[in-house]
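Residues per chain, in single letters:
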Amino acid sequence: MALGACSPGGGEPLSTESTFTVAVTPAELTLGAGGTAAVSVAIDRLHGFEDVVEVSAALPAGISADSLAIPRSQSSGQLVLRSAGTEAATRVSVTVTATSASHNSTAAFALILIGNSSLRLELTPAAPAVFVGERTWLTPVFDGDRASIDGIGRVASGVAVETPALSRATTFTLRVDRGAEQVEAQATVQANYRNRIRVLGSAPVAQTNHVAASLPDGRAMVMGGRTSESPLVPDSTLTQIFDSATEEFALGPDLMFSAEAQLFTSVAPLVSGVFLLAGSGLNAPVGALRSVVTQLFDPAAPGPTPVGDVATRGISNRTATPLSDGGALLTGGIVGATNPVSGSADRYASADQKWHAAGQMLQVRAGHTATLLRDGRVLIAGGLTCCQVPNPSPEFYASTAEIYDPATDAFSSTGPMNSARGNHAAALLSDGRVLISGGDGNNPAAPPLGTEIFDPASGQFSSAGDLQAPRDSHSAVTLTDGRVLVIGGEVPPELVGRVGVGVSATEMFDPATGRWSAGPALIPAFYTATVTMLSNGKVLVFGGLDASGSPQAAAALFE
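Residues numbered from 1 in each chain as written. Predicted model: local features only at pLDDT ≥ 70, side-chain atom pairs only at ≥ 80, totals over all residues. Heavy atoms only, no water.

**Considerations on the overall build of the chain**
Tallying secondary structure elements over the chain gives one helix and 51 strands in all. Whereas a compact globule of 559 residues would reach a radius of gyration of roughly 24 Å, the chain reaches 34 Å, over 25% beyond that. In terms of principal-axis extent, the alpha carbons of the chain reach across some 115 × 45 × 45 Å. Expressed as a percentage of the 559 residues in the chain, the buried residues total 49%. (Helix = DSSP H or I, 4+ residues; strand = E, 2+ residues; numbered from the N terminus. Rg over C-alpha atoms; globule rule 2.2 N^0.38 Å. Buried < 20%, exposed > 50% of the residue type's maximum accessible area, 1.4 Å probe, protein only.)

Printed below as a string of structure tokens:
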């Protein structure tokens, strides 16, 4: 089909000097999915027209054309069309444009695209579900030029590839290039918990009153405290690294300053994957209650790096919280004064690696929780608010709660909780609410069994049912399936007549049902054992103090 030449502006007719017209054949062209076809393009050169003519076509998605230029000495050429594939047959009108330096001409033909539903595109897992921390295989089958799976890399059709260790339900996306088009297929593999605690081999060195942090590569580091190598010293510089692949411990780099949990050293895991140790042990050269030193751990570096001292000096028992901007917040703690409980807050800025005073909380607190919310604010709840020096003395726990806003460096009231408590645990739920559990209360004979949930939308706490066993100084870990594991801690001393009796019972809270259930028993259950969520979804329980007062090297995994 041929049409007359047009002016470059598309409106006025051209003169008959040095012009051309274009025609294409056939009038209808059939193109199969994934195939090629060609139309003939003929140039009628008028009045001695001799310019080179470039040929292009307006094509539908998934169809491409090879470049075509008709030289001065020729009057025709083949425009080759290529299909990346389509799932349905269709008919479209295609306009071909021939262009010279000063003129253009157009012609049209009908393009009939043949659908081919037999083009392969699928991604199949070897198993629809695995246990947390395990791997599986994915088999991609496709027709196309090249393909890759997000998080894995380039793949070949029909060749199975292994996934990383799965910590949660994971959707994998296969992306296949077909000419200029990219098509996708997805497969989801569930990752389920066995709901068991498995005892591991002991670490080389026993530790208690240590601190622990997970590393992005799946390992964990346990640091400081009293060890079997120095049982008479409450703090050490020793570290051990747990490898989740081998499930074994090995000695790690020494700390710059000794660490002692429960008293002087706070751990802040930063959102960047590094973590801070703020404070030191009792026997550190800098002094536990003088300058509050800070050391930064980057998994990519061989050892700790010193960063600036905390702005407020002389405070122990501080609560550390990561901030969404990459920094950290230290709140409350104990100072040597008539009322030793502090309301101080200090903020670490990752940009300059320095601490800055962040003012005073609305209430003095120690043994409280401080939880980073989804919107970047921090919920601060409960804690010890008053006691006299010297001990023994009455202890008073708060039911009050407040919010720290990093955008304004200001504290505002919220809550209160239903029960006054301290040495409790807080867990951020997958929907952004916060679960509060356990702790010590103002009636030593009746520690709080009731749990509660804070809703940031309303700023209020509501009841979430009762624990089966009282406990304080425990951990509440949000699992990758959304449930919360309450584990470890001690039986409140008033109930057993002494300090340091571990809790073997574990409990599970399911936000989907709002109900508690019994979890697997932790045996042996050591007081001051650390509980660390690993990047593979499993939970490491390590060390602690046995009934005779000795540090332990025992380790176990909840999986």
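**Structural notes on the layout of surface pockets**
Here the second largest pocket is characterised by a volume of approximately 180 Å³. Surrounding the second largest pocket, Gly133, Arg135, Ala165, Asp217, Asp243, Ser244, Ala245, Glu247, Ser535, Asn536 and Lys538 form its lining. (1 Å grid on protein atoms, 1.4 Å probe; cavity = no way out; pocket = protein on both sides within 12 Å on 5 of 7 lines; lining within 4 Å. Points joined across faces, edges and corners; volume = space filled by probe spheres on them.)

**Observations concerning the pattern of salt bridges**
Under the criterion given, the structure shown has 22 salt bridges. The closest approach of N and O atoms between Glu559 and Arg196, which form a salt bridge, is 2.6 Å. With Glu559 in the segment after strand 51 (555-558) and Arg196 in the loop between strand 19 (181-192) and strand 20 (197-199), the pair connects residues that are 363 residues apart, well separated along the chain. Look at Arg196 and you get partly exposed, because its relative accessible area is 34%. The shortest N-O distance in the salt bridge between Arg471 and Glu507 comes to 3.9 Å. In this pair, Arg471 sits in the loop between strand 44 (460-466) and strand 45 (475-478) while Glu507 sits in strand 47 (residues 507-510), placing the two residues 36 residues apart along the sequence. (Salt bridge = Lys/Arg side-chain N within 4 Å of Asp/Glu carboxyl O.)

**Some remarks on the environment of Arg483**
Relative to the helices and strands, Arg483 resides in the loop between strand 45 and strand 46 (484-487). For the pair Arg483 and Ala512, spaced 29 residues apart in sequence, the C-alpha separation works out to 8.3 Å. Contacts of Arg483, omitting those with residues within four sequence positions, involve Tyr193, Asn195, Val477, Thr478, Met508, Phe509, Asp510 and Pro511. In terms of polar contacts, Arg483 uses its side chain to reach the side chain of Asn195, at 2.7 Å. (Contact = heavy atoms within 4.5 Å. Polar contact = N/O pair within 3.5 Å; in protein donor to acceptor, adjacent residues only side chain to side chain.)

**Notes on the packing of aromatic side chains**
Under the definition given, this model contains nine aromatic pairs. With 5.0 Å between their ring centres and 5 degrees between their planes, Phe275 and Phe297 make a pair best called stacked. Of this pair, Phe275 sits in strand 28 (residues 275-278) while Phe297 sits in strand 29 (residues 294-297), and the two are 22 residues apart along the sequence. Phe297 matches Phe275 in its accessibility class, with the two residues each being buried. When the ring of Tyr348 is compared with that of Trp355, the centres are 5.3 Å apart and the planes differ by 55 degrees; the resulting orientation is tilted. The exposure class of Trp355 is buried, given its relative accessible area of 7%. Taken together, the ring pairs connect Phe242, Phe249 and Phe542 into an aromatic cluster. (Phe/Tyr/Trp six-rings, centres within 6.5 Å; stacked < 30°, edge-to-face > 60°.)

**Remarks on the sheet that holds strand 22 (residues 211-214)**
Picture the strands of a sheet paired through backbone hydrogen bonds; they go either parallel or antiparallel. Pairing is antiparallel in the open sheet, where four strands are placed in the order 22-23-25-26. Since the sheet does not close on itself, it has two edges, and those belong to strand 22 and strand 26 (248-251), each with one partner. Strand-to-strand twist of the sheet, defined as the mean angle between neighbouring strand axes without regard to direction, takes the value 25 degrees. (Pairing = 2+ DSSP bridges. Axes fitted to C-alpha atoms, helices over the stretch in contact; angles between N-to-C directions.)

**Points about the sheet that holds strand 36 (residues 378-381)**
Spatially, four strands are ordered 35-36-39-40 in an open sheet, and the strand pairing comes out antiparallel. The open sheet has two edge strands, strand 35 (369-372) and strand 40 (410-414), and neither has a second partner. This sheet shows a mean twist of 25 degrees between the axes of neighbouring strands, independent of strand direction. Two strands pair when backbone bridges link them, and strand 35 and strand 36 are joined in this way by four bridges, in the antiparallel orientation. Within strand 36, the position partnered with Thr369 by the bridge is Ala381.

**Observations concerning the side chain of Ser344**
Following the sequence through the fold, Ser344 ends up in strand 33 (residues 344-349). Of the polar contacts made by the side chain of Ser344, one reaches the side chain of Gln360; its length is 3.2 Å. Contact partners of Ser344, with chain neighbours within four places excluded, come to Thr312, Ile315, Arg318, Leu330, Thr331, Gly332, Gly359 and Gln360.

**What to know about the confidence of the model for the chain**
In regions of low pLDDT, the predicted coordinates are not meant to be interpreted in detail. Taken residue by residue, the chain gives an average pLDDT of 90. The fraction at 70 or more is 92%. Confidence drops under pLDDT 50 across residues 1-16; counting only partners more than four residues distant or on other chains, this segment forms 30 contacts. (pLDDT = per-residue confidence, 0-100.)

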